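Listed below are the residues making up each chain.
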Amino acid sequence: VTGLTTHGACGATWKQHGNRTGHCGVCHRTFEGSGLFDWHQELQADGSVICRDPSRPEFAKKGLRFLDGTWRGPEWARNVFAEEVAS
Ligand SMILES: [Zn+2]
Ligand SMILES: [Zn+2]
């Protein structure tokens, strides 16, 4: 059964698909697919994490879409974006 989930702290609502759907407690965005969730948390040299903004135009061009309260996109290899963001 796929149900709607709401995070009380921010009021966001999304469709939860088992453990494929992840809601970030820092930026309060919801991601479909564990690879996408990991991608949005950019690890800094000092060990802290910065949340990437998936609404940036360069990501939209890659197929990221906001649908039913979640960010989703193609199943990328993890490093596809890391290289572009760093350059
Ligand atoms: Zn986040
Ligand atoms: Zn939240």
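Residues numbered from 1 in each chain as written. Chains lettered and ligands numbered in written order. Predicted model: local features only at pLDDT ≥ 70, side-chain atom pairs only at ≥ 80, totals over all residues. Heavy atoms only, no water.

Caption draft 1: Main features of the overall build of the chain. For the chain, the count of helices and strands is three helices and eight strands. The linear arrangement of helices and strands in the chain, starting from the amino end, is β-β-β-β-α-β-β-α-β-β-α. Burial status across the chain gives 23% buried among its 87 residues. Counted over contacts in the chain with a minimum sequence separation of 6, partners at least 24 positions apart contribute 29%. (Helix = DSSP H or I, 4+ residues; strand = E, 2+ residues; numbered from the N terminus. Buried < 20%, exposed > 50% of the residue type's maximum accessible area, 1.4 Å probe, protein only. Contact = heavy atoms within 4.5 Å.)

Caption draft 2: Main features of the coordination of the zinc ion (ligand 1). Here the zinc ion (ligand 1) is held by the protein donor atoms Cys24 (SG), Cys27 (SG), His40 (NE2) and Cys51 (SG), which lie 2.1 to 2.3 Å from it. One can describe the site at the zinc ion (ligand 1) as tetrahedral: its four donor atoms subtend angles covering 106 to 112° at the metal. All donors to the zinc ion (ligand 1) come from one chain, and their sequence spacing reads C-x2-C-x12-H-x10-C. (Donors = N, O, S within 2.8 Å, 3.2 Å for Na, K, Ca; no water. Tetrahedral: all angles 85-135°; square planar, octahedral: opposite > 155°, others 65-115°.)

Caption draft 3: Highlighting the nonpolar core. The biggest cluster of nonpolar side chains holds eight residues, and these are Cys24, Phe31, Leu36, Phe37, Trp39, Phe59, Leu64 and Trp71. Residues within four places of phenylalanine 37 in sequence aside, it is in contact with Gly22, His23, Cys24 and Phe31. (Core = buried A, V, L, I, M, F, W, Y, C linked by side-chain atoms within 4.5 Å.)

Caption draft 4: Fine view of the coordination of the zinc ion (ligand 2). Surrounding the zinc ion (ligand 2) are the protein donor atoms His7 (ND1), Cys10 (SG), His23 (NE2) and His28 (ND1), at 2.0 to 2.3 Å. Its four donor atoms give the zinc ion (ligand 2) angles of 98 to 116° at the centre, a pattern that matches the tetrahedral case. The sequence pattern describing where the donors of the zinc ion (ligand 2) fall on their chain is H-x2-C-x12-H-x4-H. Taken together, the positions of cysteine 10 in the loop between β1 (4–6) and β2 (13–15) and histidine 28 in the loop between β3 (21–23) and β4 (30–32) put the pair 18 residues apart, joining distant regions of the chain. With a relative accessible area of 28%, histidine 28 lands in the partly exposed category.

Caption draft 5: Spotlight on the pattern of salt bridges. Summed over all chains, the structure comprises five salt bridges. Salt-bridge contacts for glutamate 32 lead to arginine 20; the nearest nitrogen and oxygen are separated by 3.7 Å. Residue glutamate 32 is found in strand β4, and its partner arginine 20 is found in the loop between β2 and β3; the two are separated by 12 residues along the sequence. Owing to a relative accessible area of 39%, arginine 20 belongs among the partly exposed residues under this scheme. (Salt bridge = Lys/Arg side-chain N within 4 Å of Asp/Glu carboxyl O.)

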